[in-house]
Structures are given as structure tokens and as C-alpha cells.
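Examination of the molecular architecture
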Amino acid sequence: MSSVEEISNPVVENLEEDGLEEENTVEEAEMEYEGPVKGGYIFYRDRKEWADLEPVPQDDGPNPVVKIAYSEKFTDVFDMFRALLKNDEKSERAFALTAEAIELNAANYTVWHYRRVLLQALDKDLREEMKYITAIIEDQPKNYQVWHHRRMVVEWLNDPSEELQFVAEILSQDAKNYHAWQHRQWVMQEYKLWDGELEYVEELLEEDVRNNSAWNQRHFVISHTSGYSAILEREVQYTLKQIKKAPHNESAWNYLNGILQDGGLSSYPGLLEQVTELQDTCSSPYLTAFLVDLYEDALETNSSSYDQQETLNKALELCKLLAEEKDTIRREYWNYVSRSLQNTYGSGDPVSSSSDPPPPSSSQQPDTEPSDP
Amino acid sequence: NISTEQRKAESSDEQEDFLRERHVRFFQRCLQVLPERYAPYETSRLTIVFFALSGLDVLDALDVVDKPSLIEWIYSLQVLPTDDKSNLSRCGFRGSSHIGVPYNSSKGPGAPHTYDSGHVAMTYTGLACLIILGDDLSRVCREACLAGLRALQLEDGSFYAVPEGSENDMRFVYCAACICFMLDDWSGMDRQRAIDYIRRSTSYDSGIGQGAGLESHGGSTFCAVASLCMMGNLQEVFSERELKRIRRWCILRQQNGFHGRPNKPVDTCYSFWVGATLELLDVFQYTNFEKNRSYILSTQDRLVGGFAKWPDSHPDPLHTYFGICGLSLMGEAELQKVHPALNISVRAFESLRRLHEAWRQKST
């Protein structure tokens, strides 16, 4: 299926402006055969070696919808593919045809499945298949089917030895390709290939400290190897260093916050001081939000190291700073956070939203201000 | 204190007017013929039908389609149980006729074919389209669809798309949840396992990825939250503290429009994926509507209709549909409201609810 998120979407333009696109592939002329020849190309339905098979057309009934206007060549290949499928034919000619079908439409998962059936039934060379799938992925790196196919071949060969280098090559063209990262994580976890990955992540972060995928991978590697207990301080310092280089970087701040969640932001020694120190030179909405979260943690845990009233006041002050100055696009949200904090930790009357009537909520949740404990 | 005419003139100058008629015609053309470069969509043509029909529904323009014909065509995509019922675990809906099975608008048993099986996203969009068109699902083999769905769930709680095997991730968890919700029958899945998968897919930054360890993403976050809402379990599965952190992750996705991951460019469709998630979490009201609306409309194709992911790019059915839904979440005039979890109009949702009432009464 085409993704519900990022896919390369072809155009739907005014159909009067748009002619049919045709691919002119010149095959070797087979002069001894009769039948329509187009620049040497012969349709499968006219090839002698395919004469035993009756092509199977698509049948959309009397009122087809979203009909795709295929060229004659396209239809010919797939009509023959459907014929093979119907008979469940397991042959070399079938295998060859799957490559033709894939070239025309690499997103047809049935063709890929059938090709895999043939790879096994005909005991095909899987090393050759790896070369094939490598080329296809290079050409179409955002297609789901090609990555799944590669995974199957790697599993059959039980050989992940080319994978990390291959994925690195794809990531060098698009460092955030979700399919590539997914494959990489699968390989690493399945075959326990953790060595060198932290170094690889650091290389990527050198190239682009804002690469959120690389930060995610950092967390992935560490959680699956050393864990965070022994090296937490190292990670905190590393992250603060990256923040100093590029203060307006949500990824680094998310990482810092994420790795400190378990212990609690307000409990980590020296953290408040280190972050407050950054306020002048490395200010960002993320820094301010981090402090709000730290103060909220102090309130939530009723930490004895913090004066509860003063902490609440500081948190509210920062929410106001965010709403009015540092993160105005989220003004209403920061006001809401303020009200929630006030209602949860304040000692006065509960605060309600502005005097205007609230907009009707069409969500599944019963109420709009879930602030009570 | 400007007049309505003046405001209309101004909005058209800034190019901030919503060109309803153009989008209606865009979807009408989608339903007819698409150029060959749409070949990659052959196996998912039903999803394009969904974008067009649900889009026309939200535009309040369903009167332009031939509902009975569409209903027949959709039913012809159902993988029906064969006489000997040996294919139950492969039942559901196909994305198109690409396999070459003879046309059968769900009148009679299925024709056996080794490679004929349903696809979870097509079963989901097929059922949704039928509901939008006002069909009563009487030709849907519910038990067969549910058996087909059970066959797709893995031990880790996620789902394949097809019984032959495929990738597995949060998209198909969502499709499965929609199917169970529409059929009013959760025997189609092991809910607890699906819930566990969702929890394990939550990232250190509190967004949700396609699977455990994967980068948090606006699309998978929607799929997870919407699925839990449809199960009725959102507040059992996540603590209030966790929900706060998910809200924060989501609300930080707004740049003007929305993006799907930190430090990535914005894209019209995330106005729905993230917008709807925020709505389900009760905080969409705290986003900046003006900037969101301006962005979505900047991706509107004024000539041809439709919306694209970015300004000055080619429109496509998916971004057109989600651009419109993104506007609907903000209460755009002329648009029907969209149910943020099931992703169909509230009107269609209510007709589904009435169907459920009728089913429940029949069974008592």
C-alpha cells in the first residue's frame, strides 16, 4: 500500500492537458516472428514461447472507477502476469517476467510475492538477487515492497554482512529515510551488530546535528548495549555540547529530556544550574520549555530541594515568557499549561480559561481541561 | 469593520480563499481516469476512491457521484469465502482487480485463486467507502473479514497487510482498529497485544514511532492514538503524565503548518495527522489556526484544484484529502466536520452508529 505519510505522489492534472506517457524500450528484434513489432519490441501475447498462455485482462465490471490509462506494453506484460498467476506456473519464463512487471510497477506486492515463490521453487541464486534488489532500492528508496524483499533475501541467506554499508549508502543520499533506518534497526537487532554504530551516529551528527533520526538511533544503540545507567553523565555532557553548537535544535533538547525522564529532571545534580547558565548565550523556546518541565518535575515529586511556591511561580513566569515572547505560535498552549499548573499546584481558587465560551470539542475525550489529579 | 465583499476580495488577493468547486472537480476527475504514471497505485486504487469519496463527503458534494455504481464496484473487490470456506483467513477487500479474478459484486461465493487475498488497508477503506455511500454493509461477510484480520496479527501485536506476509507497523494496527470499530466487533484482534505494541513504540521523546525503537512520527502517532480512542482505552493505556508529554510532542510539530518529525519540513497532510491527534487529546484548540490555515491554502492548486504537500508543487489525492480535513478540523466554512479518529465525516460516522444500533437490536 502507498504510505499514509511520505510517498512520492504523482500528479493528477487536468486530463485534457495530459497525454499518455509511453516508455520506448527497444528490445532485441526477433525478425523471424510475425506480429506487431514496435522498434523491435514484441508483445508477450505475440511471442511464440508464450503462445500456450491465454492473457488474463483486468475485469473492473461495467463501471470502473479510478481507472489507470495503461499503455499497450504495460497491459500486455500484466495480462501475461495474471495468466501465470492463475496457473501458479513455476518456471524461468515466469521469473523473467516478474522483473519486467517490477520495472513497470515496483509497488505491486503480488509480483514481489510471486517472485519470492519462484526464487525458492527454482532454487535461484540469492546472491544475484541481492545485487538485483540493491539496484532497485537505489532507484526507488521510498518504496515499501523493495525493502521488505531485501529483508526476506537477507533472512534466507542468513547473511547481513552487506547491510550496514548498504543502508549507510542510502542514508548518504537521504539521511532521514525512514525505510532505511527501519531496515538498519532490524538488521542490528536480528544479527546483534552493534559495534561501531555509536561512532556512525556521531559521524552523522557531525554532518547535521539537527538530524532527528540520528538522535533516535543514538538512543536505540545505547539502550540496546550499555544502557544509560553507567554513562548517563557522558550523554548529558555530550548533548549539552551539541546544544551549545546549535541552540535552536529540538532534537538535542528532546534527547536530553528523554534520557533524564526516569530519574526525574529536578533530581539530576547540577542540571538546573547547567541549563540556567545557557539561558543567555543559548536561549531557545526548547531551553525555556525544558526548565518548565524541570520545575514541574520538582512540583510533582514534591522535592524537598525546591521551595514549592517559588518553583510554581518560576514555572508560571516561564510559561508566560513562552506565550508572550519565545514561542508565540503556541501562545494558547502555554497559557493552558500555566492554568493546569496553577490548578494542580496552586493554593488559590481553580483557574478557568478566558471569558469567551470554549469552542465545542468534537473529540472522544469527555472533558477539555484534564488538570485534576 | 470591513464588509463581507471586501473581506472576500482581500482573501482572494492574498490567495487565502478556499476554492471549493475546484476541489470537487479534482476529486471527480480522480474517480474517472488517471494517467499511467499512477501505475504504482494499481494495488491501492481503493484508497484513492476513499480519498475522493470522503473528500467529496467533507466538501458536501457527494451528489456528484453515482452511488449505486460505486457500491457495486467496491463490493466486486471483496475476497469472498469459497464454497468450501478454505480461504477464510485470506478474506477482506482487494485494492483493485489487478489479480485478474472475474468480476463478482459480492453476489455468490468466491472463486478460488491461489494468490487472491485481502489487504488490511483496502478492507478498511472499502468498508469506510461503503458507509460514506450510505450502504448498510449487508453484502459484507463480516465473519470472513474478521477471520482474515485475525490471521494478520503478529505475536508482537502489530499487523501484516496481507496473509502472504509484508512489512508490519503502526499503519496496519490503525487499519485493523478501524475495521473492528466499523464492524462493531473486536474479535478481529487481540486488543491487549495491540496495546502492548503501541506502548513499546513510544519513543524517549514521547512521540510514537512505527514500531519499537523507531523514530517518533506524526503519522504513527496518529495511528496509535486514534486506535486507542476507537478501542476506548486511551486513558487506561497512558497515564495523565504520559498524555501530557504526547500532547507536548504533538503541539511542537506546528511550525506554521505541521511537520511529521522534529527538524523536517512541514507538509499539508500533517495538518490532519497531527491536528486530529491533538483534537483527540483535547488540545487542538490551543494551536494557531491562522498560521495552519495559511499554510494549507498556500499548497492549494488554484488552476487544477487539489492540494500538494508543499506550495508550488503538484497536487495529489492524498494531500488534497488531508488538506481539506486539516481545514475541517478548524471549522472551515462549507466543510463538514470530520471524526478525528475514524477519519470519515461526522455525518457518515452517525450513519455507522445507527447501523450498529440496528445490528445490536437484531442480535437481542
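Residues numbered from 1 in each chain as written. Chains lettered and ligands numbered in written order. Predicted model: local features only at pLDDT ≥ 70, side-chain atom pairs only at ≥ 80, totals over all residues. Heavy atoms only, no water.

Below, the discussion takes up the confidence of the model for chain A. All names here are of chain A. Chain-level pLDDT for chain A is 88 on average; 84% of the residues reach the 70-or-more range. Residue range residues 1-33 is modelled with pLDDT below 50. Its contacts to residues more than four positions away, or to other chains, number 81 contacts. For the stretch residues 355-373, pLDDT sits under 50, and the model shows 33 contacts to residues farther than four places along the chain or on other chains. (pLDDT = per-residue confidence, 0-100. Contact = heavy atoms within 4.5 Å.)

This part takes up the side chain of B:Gln153. Residues and elements named next belong to chain B. Mapped onto the elements of the fold, Gln153 is located in the loop between helix 6 (142-150) and strand 4 (159-160). With a relative accessible area of 17%, Gln153 lands in the buried category. Within polar-contact distance, the side chain of Gln153 engages the backbone nitrogen of Asp190 at 2.8 Å. Setting aside its immediate chain neighbours within four residues, Gln153 contacts Ser158, Phe159, Met189, Asp190, Arg193 and Ala194. (Helix = DSSP H or I, 4+ residues; strand = E, 2+ residues; numbered from the N terminus. Buried < 20%, exposed > 50% of the residue type's maximum accessible area, 1.4 Å probe, protein only. Polar contact = N/O pair within 3.5 Å; in protein donor to acceptor, adjacent residues only side chain to side chain.)

Here the focus is unusual backbone geometry. The backbone phi angle of A:Asn158 is positive, close to 50°, even though this residue is not glycine. Inspection of the secondary structure puts A:Asn158 in the loop between helix 5 (144-157) and helix 6 (163-173). Located in the positive-phi region is B:Asn263, a residue other than glycine, with phi close to 65°. Its location among the elements puts B:Asn263 in the loop between helix 11 (240-251) and helix 12 (270-280). Since its relative accessible area comes to 26%, B:Asn263 is described here as partly exposed.

Following the UniProt record, one finds the feature "domain: Prenyltransferase alpha-alpha toroid" (unreviewed entry) at residues 18-344 of chain B. Secondary structure across residues 18-344 of chain B comprises 44% helix and 3% strand; the distance between its end C-alpha atoms is 20 Å. (UniProt positions renumbered as here; feature names shortened; annotations may be inferred.)

Looking now at the pattern of salt bridges. All names here are of chain B. Counted according to the given criterion, the structure contains 43 salt bridges over all chains. Glu72 is paired through a salt bridge with Arg139; the nearest N and O atoms lie 2.6 Å apart. Of the two residues, Glu72 is situated in helix 4 (residues 67-75) and Arg139 in the loop between helix 5 (120-132) and helix 6; the sequence distance between them amounts to 67 residues. For Glu72, a relative accessible area of 21% translates into the label partly exposed. A residue is classified by how much of its surface remains accessible, and Arg139, at 23% relative accessible area, is partly exposed. (Salt bridge = Lys/Arg side-chain N within 4 Å of Asp/Glu carboxyl O.)

Our next topic: the packing of aromatic side chains. To describe a pair of aromatic rings, you give the distance between the ring centres and the angle between the ring planes. As enumerated under the stated definition, the model contains 38 aromatic pairs over all chains in all. Judged by centre distance (6.3 Å) and plane angle (45°), the rings of A:Trp112 and A:Tyr132 are tilted. Of this pair, A:Trp112 sits in helix 3 (residues 109-121) while A:Tyr132 sits in helix 4 (residues 126-139), and the two are 20 residues apart along the sequence. Where B:Tyr124 meets B:Tyr174, the ring centres are 5.7 Å apart and the plane angle is 80°; that geometry is what we call edge-to-face. With a gap of 50 residues between them, B:Tyr124 in helix 5 and B:Tyr174 in helix 7 (residues 170-183) connect regions that are remote in the sequence. With a relative accessible area of 7%, B:Tyr124 lands in the buried category. Put simply, the rings of B:Phe50, B:Phe51, B:Tyr124, B:Tyr174, B:Phe222, B:Phe272, B:Trp273, B:Tyr321 and B:Phe322 pair up and form one aromatic cluster. Against the face of A:Tyr44 rests A:Arg47, its NZ or CZ located 3.9 Å from the ring centre. (Phe/Tyr/Trp six-rings, centres within 6.5 Å; stacked < 30°, edge-to-face > 60°. Lys NZ or Arg CZ within 6 Å of the ring centre and 35° of its normal.)

Okay, the nonpolar core next. The tendency in soluble globular proteins is for nonpolar side chains to be buried side by side. One finds A:Leu260 and B:Phe93 to be the most contacted residues of the largest nonpolar core, which totals 232 residues. Ranked by the residues each element gives to this core, the list is headed by helix 7 of chain B, at 13 residues. In this view, A:Leu260 contacts A:Leu232, A:Val236, A:Leu265, A:Tyr268, A:Leu271 and A:Phe290; residues no more than four positions away in its chain are not counted. (Core = buried A, V, L, I, M, F, W, Y, C linked by side-chain atoms within 4.5 Å.)

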